[in-house]
Amino acid sequence: MAQSMMSRLIVCILGLALSSLSVNGRPATFSQDFRVAWADSHVRQLDGGRAIQLTLDQSSGCGFASKNQYLFGRVSMKIKLVPGDSAGTVTAFYMISDSFNIRDELDFEFLGNRSGQPYTVQTNVYAHGKGDKEQRINLWFDPSLDFHTYTIFWNHHHIIFSVDEVPIRVYKNNEGRGIPYPKFQPMGVYSTLWEADDWATRGGLEKINWSKAPFYAYYKDFDIEGCQVPGPATCASNPRNWWEGAAYQQLTPEAARRYRWVRTNHMIYDYCTDRSRFPVVPPECLAGI
């Protein structure tokens, strides 16, 4: 009797799990949430649309975009970056609003390198049209050997850029001190692979070696959880959204420890300390970003 009850309980639990999986359906296939934005011939779907390949050659780069826009939430992708001599290439994963002059934007930019050098990740934040908030870190692994998860988390309290769940940047909401924060404009999700050898590697000193082309970057496990726009008007302000919960309003002690480790050991540039560009410290830096 006990064994029969246990069997029914296991079946019930499995059924609930499968039901939940079918409702959430994550991670999505490429075509569920995304479309090719430019150079269709350079974007190739793999594994039944569960992964894609982006190509850069001398004729073109390429990019894709989400079919919808979102206001707050979490976006993540697994990316395997261009291997070998990738100097002068940029693989970007970012969110951006439609209104360019007063745009909001959250950027991951992966800057290619000469073989054997660390891969540099640049992050940037635009709020109400004002950017110039670059930070750069050198990754502590080779991101071209395997897929790694890159995440943008965005709620009313802060924006967190993470690599394999390790925070590499936190941008806090300091509206109370008069500092703009991306809060009102929905943003689409984009990714591109393109030529930027005028600035990407060592400030443009290292140019693309086209004999190594074509260059490839790979993506899979596309995951978007947020308030889709257009959608229910109250979604973005709903404090019951999971990403607005108390557990997500500040870093956990372990995440804070990892964040300090990244900043201490892997940060190579922070606009907050660049006095040649900013003789007066930007106000958000004083407020504690």
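An unreviewed UniProt entry annotates the protein chain as Xyloglucan endotransglucosylase/hydrolase originating from Salvia splendens. Per UniProt, the protein chain carries the Function (unreviewed entry) text "Catalyzes xyloglucan endohydrolysis (XEH) and/or endotransglycosylation (XET). Cleaves and religates xyloglucan polymers, an essential constituent of the primary cell wall, and thereby participates in cell wall construction of growing tissues." Turning to the protein chain, the UniProt record has this under Sequence similarities (unreviewed entry): "Belongs to the glycosyl hydrolase 16 family. XTH group 1 subfamily."

### Concerning the side chain of Asn-174
Of note, Asn-174 is situated in the loop between β11 (166–172) and β12 (187–195). Looking at Asn-174, the relative accessible area reads 11%, which means it is buried. Not counting residues up to four positions away in its chain, the partners in contact with Asn-174 are Ile-179, Ala-287 and Gly-288.

### A short note on the pattern of salt bridges
Inspection of every chain in the model, using the stated rule, returns 15 salt bridges. The salt bridge involving Arg-114 is made with Glu-206; its shortest N-O contact spans 2.7 Å. Highlighted residues: Arg-114 in the loop between β6 (105–111) and β7 (120–126) and Glu-206 in the loop between β12 and β13 (215–229), separated in sequence by 92 residues. Each member of the pair, Arg-114 together with Glu-206, is buried.

### Points about the pairing of strand β5 (residues 89–96)
Within β5, eight of the eight residues are buried, which leaves it mostly tucked inside the rest of the structure. Alternating positions in β5 separate into two faces, Thr-89, Thr-91, Phe-93 and Met-95 on one and Val-90, Ala-92, Tyr-94 and Ile-96 on the other, with burial throughout. Pairing of β5 with β12, which is carried by eight bridges, proceeds in the antiparallel orientation. Paired with Tyr-94 across the strands is Tyr-190, a residue of β12. By the bridge criterion, seven bridges tie β5 to β6 in an arrangement that is antiparallel. Paired with Ile-96 across the strands is Glu-105, a residue of β6.

### What to know about the packing of aromatic side chains
Throughout the structure, instances matching the rule amount to 25 aromatic pairs. With 5.3 Å between their ring centres and 80 degrees between their planes, Phe-30 and Phe-64 make a pair best called edge-to-face. Here Phe-64 lies in strand β4 (residues 62–80) and Phe-30 lies in helix α2 (residues 30–33), a separation of 34 residues in the sequence. The class for Phe-30 is buried, based on a relative accessible area of 2%. Aromatic pair Trp-140 and Phe-141: ring centres 5.5 Å apart, planes at 85 degrees, arrangement edge-to-face. Judged by its relative accessible area of 29%, Trp-140 falls in the partly exposed class. Joined through ring pairs, the aromatic side chains of Phe-30, Phe-34, Phe-64, Tyr-219 and Phe-222 make up one cluster.

### As for the pairing of β12
Here β4 runs beside β12; their pairing, made up of six bridges, is antiparallel. From the neighbouring strand, Gln-69 faces β12, where its bridge partner is Gly-188.

### What about the state of the cysteines?
Counted under the stated rule, the structure contains two disulfides. Bridging Cys-227 to Cys-235, the disulfide has an S-S length of 2.0 Å. Between Cys-227 and Cys-235 the disulfide shows an S-S torsion of about -80 degrees. By sign, it is left-handed. Across this residue pair, the class does not change: Cys-227 and Cys-235 are buried. Disulfide partner of Cys-272: Cys-285, at an S-S distance of 1.9 Å. Taking the sign of the torsion about the S-S bond as the criterion, the disulfide between Cys-272 and Cys-285, at about -75 degrees, is left-handed. Of this pair, Cys-272 sits in the loop between β14 (267–270) and α4 (283–287) while Cys-285 sits in helix α4, and the two are 13 residues apart along the sequence. As far as burial versus exposure is concerned, Cys-272 and Cys-285 are alike and both buried.

Cut-offs used in this document
Each residue is numbered by its place in its chain's sequence as written, counting from 1. The predicted nature of this model means local features are confined to residues of pLDDT at least 70 and side-chain atom pairs, given and counted, to a pLDDT of 80 or more, with totals for whole chains, interfaces and linings taken over all residues. Water and hydrogen atoms play no part in the side-chain values, which are based on all heavy atoms of the structure. UniProt positions are given in the numbering used here, feature names are shortened, and annotations may be inferred rather than shown by experiment. Comment: elements are numbered from the N terminus, with helices defined as DSSP H or I runs of at least four residues and strands as E runs of at least two. The buried label goes to any residue with under 20% of its type's maximum accessible area, the exposed label to any with over 50%, and the partly exposed label to all in between, with areas taken from a 1.4 Å probe on protein chains only. Here, residues are in contact when the closest pair of their heavy atoms is within 4.5 Å. Any Lys or Arg side-chain nitrogen located within 4 Å of an Asp or Glu carboxyl oxygen qualifies as a salt bridge. The pairing criterion is simple: DSSP has to find at least two bridges between the two strands. Paired rings are identified among Phe, Tyr and Trp, the last through its six-membered ring, by centres lying within 6.5 Å, and are further divided according to the angle between planes into stacked (under 30 degrees), edge-to-face (over 60) and tilted (the rest). Counting rule for disulfides: a pair of cysteine sulfur atoms within 2.5 Å.

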